[in-house]
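Chains, contacts and geometry: an overview
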Amino acid sequence: MKIKFSLKHAASHCVLIFGALFMLMPFIWMLSTAFKPPQEIFEASLWPFPKNFYGFQHFSEVLKSAPIGKYMLNGVIVCAGILFVQLLVAIPAAYALAKLNFAGRELLFICILAALSVPIQATSLPIYIAMSSGNLLNTYFAQMLPFFLSMFAIFLLRQNFKSFPDEIIHAARLDGMSELEIVWRVVTPSAIPAITAFSIFSLVAHWNDLYWPLIVISSTELAPPPLGMLLFASAESGANYGALMAGATLITAPMVLAFLIARRRFIQGITMTSFR
């Protein structure tokens, strides 16, 4: 029995390791290309490690040729602004759907679930026309506005708030706390793992978003990281793959570090969220 259990345990770990390597292959290839000299990039070999270390040249070239720091700062401003408004709206909305009784609550929740299936591409044209009429294009606000209301955040936090004890909320009301005080001072601190999990989802999604900035931004001064890398690739005519991968490494690193720092809260927020 012990041998059978050990073999089964080893087999499951082998499958997980293979899956992890498969998922990491794009990152491995990116790092490998960033540190290879130009003549090695197009060699017909799958060996990931460079024979001659060439990383600093690629990184220095991309830092000189493109304002990567400015692109990343733009990304921080846009992602932080979106996340702040998303949480400001989603937390009270999720609390109302989870803990308050009002007419049409279940119907409203069904509408929120239905809205999750609507992609940004379906609404981009009317939003663009409205922004163009209001002279809002080519601004930070234009990059953030369509994402202020996150249905996924409302859904995720509502599921988390459903498991919060009603007795604590009733006690807070008896103590004279208003509903907003209960939301921000009582319920929200207990949902930090779920909020962290959503924050990671939001930051990664909008840090990597190219579709919407490509539509509303025409100035390189306001370009977020993906659009900045597209502009850099166009300037390089797509020929200098080492520098392109070095730039991709620089703009990917903050999201990887953010996930590694918050991974425990992220996993806890996903696993502890009830889906009922």
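Quick caveat: nothing in here was measured; it's all calculated off a predicted structure. (Residues numbered from 1 in each chain as written. Predicted model: local features only at pLDDT ≥ 70, side-chain atom pairs only at ≥ 80, totals over all residues. Heavy atoms only, no water.)

1. A closer look at the packing of aromatic side chains
Applying the stated criterion across every chain, the model contains five aromatic pairs. When the centroid spacing of 5.5 Å and the interplanar angle of 45 degrees are considered together, the rings of Phe-35 and Phe-59 count as tilted. Residue Phe-35 is located in the loop between α1 (2–34) and α2 (38–41), and its partner Phe-59 is located in helix α3 (residues 55–65); the two are separated by 24 residues in the primary sequence. Phe-59 gets classed as buried once you look at its relative accessible area, which sits at 15%. (Phe/Tyr/Trp six-rings, centres within 6.5 Å; stacked < 30°, edge-to-face > 60°. Helix = DSSP H or I, 4+ residues; strand = E, 2+ residues; numbered from the N terminus. Buried < 20%, exposed > 50% of the residue type's maximum accessible area, 1.4 Å probe, protein only.)

2. So, the pattern of salt bridges
Overall, the coordinates contain four salt bridges when judged by the stated rule. Across the pair Lys-99 and Asp-166 runs a salt bridge whose closest N-O atoms are separated by 2.7 Å. Here Lys-99 is found in helix α4 (residues 68–99), whereas its partner Asp-166 is found in helix α9 (residues 166–174), with 67 residues between them in sequence. Lys-99 gets classed as buried once you look at its relative accessible area, which sits at 13%. (Salt bridge = Lys/Arg side-chain N within 4 Å of Asp/Glu carboxyl O.)

3. A short note on the environment of Trp-207
On the secondary structure map, Trp-207 appears in helix α11 (residues 192–207). Separated by 19 residues in the primary sequence, Trp-207 and Pro-226 place their C-alpha atoms 7.6 Å from one another. For Trp-207, the residues in contact, after removing those within four places along its chain, are Met-72, Gly-75, Val-76, Cys-79, Pro-225, Pro-226, Ile-251, Pro-254 and Met-255. (Contact = heavy atoms within 4.5 Å.)

4. Quick word on the environment of Leu-83
Turning to its location among the elements, Leu-83 is positioned in helix α4. Placed 84 residues apart in sequence, Leu-83 and Glu-167 show a C-alpha to C-alpha distance of 30 Å. Not counting chain neighbours up to four residues away, the residues in contact with Leu-83 comprise Phe-198, Ser-199, Ser-202 and Leu-203.

5. Some words on the packing of α4 against helix α8 (residues 151–162)
One way to put it is that α4 packs onto α8 with a least axis distance of 8 Å and a crossing angle of 50 degrees. For the element pair α4 / α8, the angle class is oblique. Considering only the axes of α4 and α8, their crossing is right-handed. Here α4 contributes Ala-90, Ile-91, Ala-93, Ala-94, Tyr-95, Leu-97, Ala-98 and Lys-99 to the contact with α8, which in turn contributes Ala-153, Ile-154, Leu-157, Arg-158, Phe-161 and Lys-162. Taken together, the residues of the contact of α4 with α8 sort by class into 11 nonpolar, no polar and three charged. (Axes fitted to C-alpha atoms, helices over the stretch in contact; angles between N-to-C directions. Parallel < 35°, antiparallel > 145°, perpendicular 65-115°, else oblique. Left-handed = near helix turned anticlockwise from the far one by under 90°. Nonpolar A, V, L, I, M, F, W, Y, C, P; charged D, E, K, R; others polar.)

6. Let's talk about the packing of α4 against helix α5 (residues 105–115)
Put simply, α4 and α5 touch, their axes get as near as 9 Å, and they point 135 degrees apart. Taken as axis vectors, α4 and α5 run oblique relative to one another. Note that α4 runs across α5; the crossing there is left-handed. Residue-level contacts link Ala-96, Leu-97, Ala-98 and Lys-99 of α4 to Arg-105, Leu-108, Phe-109 and Ile-112 of α5. Considered class by class, the residues forming the contact of α4 with α5 number six nonpolar, no polar and two charged.

7. A short note on the layout of surface pockets
A volume near 640 Å³ is recorded for the largest pocket. Around the largest pocket, the lining comprises 20 residues; the ones closest to its centre are Val-118, Phe-147, Leu-149, Ser-150 and Met-151. Each pocket or cavity is described by its volume, and for the second largest pocket that value is around 340 Å³. Lining the second largest pocket we find Met-23, Leu-24, Phe-27, Leu-31, Val-204, Asn-208, Thr-252, Met-255, Val-256, Phe-259 and Leu-260. Going through the elements one at a time, α1 and α14 (241–271) are the ones with two or more residues in the lining of the second largest pocket. The dominant element in the lining of the second largest pocket, judged by the number of residues it contributes, is α14, at five residues. The residue makeup of the lining of the second largest pocket, split by class, is nine nonpolar, two polar and no charged. (1 Å grid on protein atoms, 1.4 Å probe; cavity = no way out; pocket = protein on both sides within 12 Å on 5 of 7 lines; lining within 4 Å. Points joined across faces, edges and corners; volume = space filled by probe spheres on them.)

8. Describing the side chain of Thr-249
For Thr-249, the position within the fold is in helix α14. Judged by its relative accessible area of 13%, Thr-249 is buried. Leaving out residues up to four positions away in the same chain, Thr-249 has contacts with Met-30, Leu-31, Ala-34 and Phe-59.

9. Focus on a nonpolar patch on the surface
Together, Ile-17, Leu-21, Leu-24, Met-25, Phe-27, Ile-28, Val-256, Leu-257, Phe-259, Leu-260 and Ile-261 make up a nonpolar patch on the protein surface, roughly 1000 Å² of accessible area in all. For the nonpolar patch, the secondary-structure elements that each account for two or more residues are α1 and α14. Inspection of the secondary structure puts Leu-260 in helix α14. Classification of Leu-260 as partly exposed rests on a relative accessible area of 41%. (Patch = residues over 30% accessible without salt bridge, like charges linked within 9 Å, V, L, I, M, F, W, Y side chains within 5 Å. Areas by Shrake-Rupley, 256 points an atom, 1.4 Å probe, with all protein chains shown as cover.)

Keep in mind that these numbers describe shape and distance, not what the molecule does.
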